[in-house]
Amino acid sequence: MVATIAITFLGTASAQPSSTRNHSSLALRLDGHVWLFDCGEATQHQVQKSNVKMGKIQKIFITHTHGDHIFGLLPLLASRLNGAGGMVEGVEDPRIQNTASSSIIEPIEIFGPYGTRAYVRSGLKYTYTNLGGPYVVHELRMTNDPPPSEDSSTLSLDHAELLTGRNIVQQADGTWRDIFASDMLTVSAAPIHHSVPCVGYVVHERPIPGKMNPSMYVPHLKRTGTPMSVLRQLQRGETVQLSDGTVLQGPERRPGRKIVILGDTYDPSPIVPLADDTDLLVHEATNAHLPSVDPDTKASDTYKSVEECAKSRGHSTPQMAGAFAKRIAARRLVLNHFSARYAGDDDSNEKAKKVMNALRCLAEEMFGEGKEVICARDLMTLNVEPRE
Ligand SMILES: *[C@@H]1O[C@H](CO)[C@@H](O)[C@H](O)[C@H]1NC(C)=O
Ligand SMILES: [Zn+2]
Ligand SMILES: [Zn+2]
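Being a predicted model, the structure only gives us computed values, none of them experimental.

Rules used in this analysis
Residues numbered from 1 in each chain as written. Chains lettered and ligands numbered in written order. Predicted model: local features only at pLDDT ≥ 70, side-chain atom pairs only at ≥ 80, totals over all residues. Heavy atoms only, no water. Helix = DSSP H or I, 4+ residues; strand = E, 2+ residues; numbered from the N terminus. Rg over C-alpha atoms; globule rule 2.2 N^0.38 Å. Buried < 20%, exposed > 50% of the residue type's maximum accessible area, 1.4 Å probe, protein only. Contact = heavy atoms within 4.5 Å. Donors = N, O, S within 2.8 Å, 3.2 Å for Na, K, Ca; no water. Tetrahedral: all angles 85-135°; square planar, octahedral: opposite > 155°, others 65-115°. Near = heavy atom within 4 Å. Polar contact = N/O pair within 3.5 Å; in protein donor to acceptor, adjacent residues only side chain to side chain. Areas by Shrake-Rupley, 256 points an atom, 1.4 Å probe, with all protein chains shown as cover. Nonpolar A, V, L, I, M, F, W, Y, C, P; charged D, E, K, R; others polar. Salt bridge = Lys/Arg side-chain N within 4 Å of Asp/Glu carboxyl O. Pairing = 2+ DSSP bridges. Axes fitted to C-alpha atoms, helices over the stretch in contact; angles between N-to-C directions.

### Section: the overall build of the protein chain
A count of helical and extended segments in the protein chain gives 10 helices and 19 strands. Taking 21 Å as the expected radius of gyration for a compact globule of 388 residues, we find that the protein chain reaches 24 Å, a close match to that expectation. Seen along its three principal axes, the alpha-carbon backbone of the protein chain occupies a region of about 75 × 65 × 45 Å. Burial analysis of the protein chain (388 residues in total) assigns 52% to the buried set. Sequence-distant contacts, at least 24 apart, represent 68% of the contacts inside the protein chain between residues at least 6 apart.

Written out as structure tokens, the structure reads:
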């Protein structure tokens, strides 16, 4: 079981960053580990300003290669892996060691759609950046992408890049299941509809120990003189037979936490098979119709026209996000990726507060009464608690 699962939003803007929102990135903190989802411009600055530790970043999941989600990746890699500005080819650079084969440092693992590997490799090559530690890129290939035998880059491998980067093909239902699996967590993914190939990710904790009621067991342990340390075995869900033949059964395991992190989308339906019963859904809400709240509302705008316009650009409204949260029976919904019109100040800015409240209400209307909707702000942290 993971003790602490928390999400820190590093950037919550859409196309244009503003004075109150930076480009997309969020950090999922799993005890001591940090996984980033998207890495827009200035992500490393935001990491420095947050409680996220740069040195703990181990995996980076890219939803799509639009600049507002990936422009920060190379500078972040350079900092994380002690990159040095290199020299032209042919000149022996004394700082280069054979970093890719170094077994001392764990590689940074990057997952993303087709082109992610080529983007990183070209960026490193043409900026002469020498990373001081290894990285690897796994691409989630879609049906229309080149076959998995083909690399997305014609450049030769970067000296810091591991050969073990996989090109992962979709399963029969269109998803990529278990692209990462440990004894505590799995990560799966599915394509979601946007204006370019885009991926949504599902982080799922494996079942966790059930709630323990010691008073159910203690009298039996006392009666038979069994050491209390047996409680720990029971807590793990094990069966214990006592000296008098009594069989004690530990509590049944509970489902682990499930977190769904979507990239830009106007329709994330293909991820539904992976996303049922989600504890926390992060869904974009780029545009909204806020007639009485947003003074810049055009007289000709309607809920319908704003939705049509958002969809035509590959984006969603808060109502669309709320409807999707309801469809997958999510417990909590977080909206992010807001248009530059929707400021992300704290509550001291009355106008921003009103706008964010209005956005939240629109999502709630579709999600259901009493359901929790949160509008993300830069540097906001949310804990995801285990279920009762
Ligand atoms: C966005 O990032 C820039 C660069 O680090 C920083 O100056 C600015 O304060 C950030 N904005 C927010 C809202 O965090
Ligand atoms: Zn975007
Ligand atoms: Zn996009």
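The rest of the description comes next.
### Regarding the coordination of the zinc ion (ligand 3)
Bound to the zinc ion (ligand 3) are the protein donor atoms His64 (NE2), His66 (ND1), His194 (NE2) and Asp264 (OD), situated 2.2 to 2.4 Å from the metal. Considering all 4 donor atoms around the zinc ion (ligand 3), the spread of angles at the metal, 90 to 166 degrees, places the coordination shape in the irregular class. All donors to the zinc ion (ligand 3) come from one chain, and their sequence spacing reads H-x1-H-x127-H-x69-D. The two metals, the zinc ion (ligand 3) and the zinc ion (ligand 2), are separated by 3.5 Å and share aspartate 264 as a common coordinating residue. Of this pair, histidine 64 sits in the loop between strand S4 (57-61) and helix H2 (67-70) while histidine 194 sits in the loop between strand S11 (185-192) and strand S12 (198-205); the two residues are 130 residues apart in sequence, bridging distant segments of the chain.

### Some remarks on the coordination of the zinc ion (ligand 2)
For the zinc ion (ligand 2), the full set of protein donor atoms is Asp68 (OD), His69 (NE2), Asp264 (OD) and His337 (NE2), and the range of their distances to it is 2.1 to 2.2 Å. Coordination at the zinc ion (ligand 2) is irregular: its 4 donor atoms span angles of 92 to 164 degrees at the metal. Look at histidine 337 and you get buried, because its relative accessible area is 2%.

### Structural notes on the site of ligand 1
Around ligand 1, a shell composed of Ser19, Thr20, Arg21, Asn22, His45, Gln46, Lys49 and Asp378 is seen. Interatomic distance of 3.4 Å between a side-chain N/O atom of histidine 45 and an oxygen atom of ligand 1. A distance of 2.8 Å is found between an oxygen atom of ligand 1 and a side-chain nitrogen or oxygen belonging to lysine 49. In the complex, 62% of the free accessible area of ligand 1, which totals 360 Å², lies under the protein chains. Within the shell around ligand 1, the residues separate by chemical class into no nonpolar, 5 polar and 3 charged.

### Considerations on the pattern of salt bridges
Inspection of every chain in the model, using the stated rule, returns 19 salt bridges. Residue arginine 117 pairs with glutamate 161 through a salt bridge whose shortest N-O separation is 3.9 Å. With a gap of 44 residues between them, arginine 117 in helix H4 (residues 116-126) and glutamate 161 in the loop between strand S8 (135-141) and strand S9 (167-169) connect regions that are remote in the sequence. Neither residue differs from the other here; arginine 117 and glutamate 161 are each classed as buried. A network of salt bridges, in which partner residues are shared, links Arg117, Arg121, Asp151 and Glu161.

### Section: the pairing of strand S3 (residues 33-37)
Burial of S3 is extensive: 4 of the 5 residues sit out of reach of the surface. Sheet analysis places strand S2 (residues 25-30) next to S3, joined by 5 bridges and oriented antiparallel. Counterpart to arginine 29 in the pairing with S3 is valine 34. Once S2 ends, the chain turns through 2 residues before running back antiparallel as S3, passing aspartate 31 with a positive phi of about 50 degrees. In terms of strand pairing, S3 meets S4 through 4 bridges, oriented parallel. The residue bridging valine 34 from the neighbouring strand is isoleucine 57, located in S4.

### Re the sheet that holds strand S19 (residues 381-383)
In spatial order, the strands read S9-S8-S6-S4-S3-S2-S1-S19; together these 8 strands make up an open sheet with mixed pairing. What marks the edges here is a single partner per strand, and that holds for S9 and S19. The average angle at which neighbouring strand axes cross in this sheet is 20 degrees, direction not considered. Running over the sheet, H4 touches strand S6 (108-113), S8 and S9 and is turned about 145 degrees from S8.

### Notes on the sheet that holds strand S10 (residues 176-181)
Strand order across the open sheet formed by 7 strands is S10-S11-S12-S15-S16-S17-S18, with mixed pairing between neighbours. Single-partner strands in this sheet number two, and they are S10 and strand S18 (372-375). The sheet shows a mean angle of 20 degrees between the axes of neighbouring strands, direction not considered. With 3 bridges joining them, strand S15 (residues 258-261) and strand S16 (residues 280-284) adopt parallel strand pairing. For isoleucine 261, the partnering residue across the bridge sits in S16 and is valine 282. Seen against the sheet, helix H9 (residues 318-327) touches S16 and strand S17 (332-336) and runs at an angle of roughly 150 degrees to S16. Docked against the sheet, helix H10 (residues 350-367) engages S17 and S18, running at close to 150 degrees with respect to S18.

In short, geometric facts, not functional conclusions.
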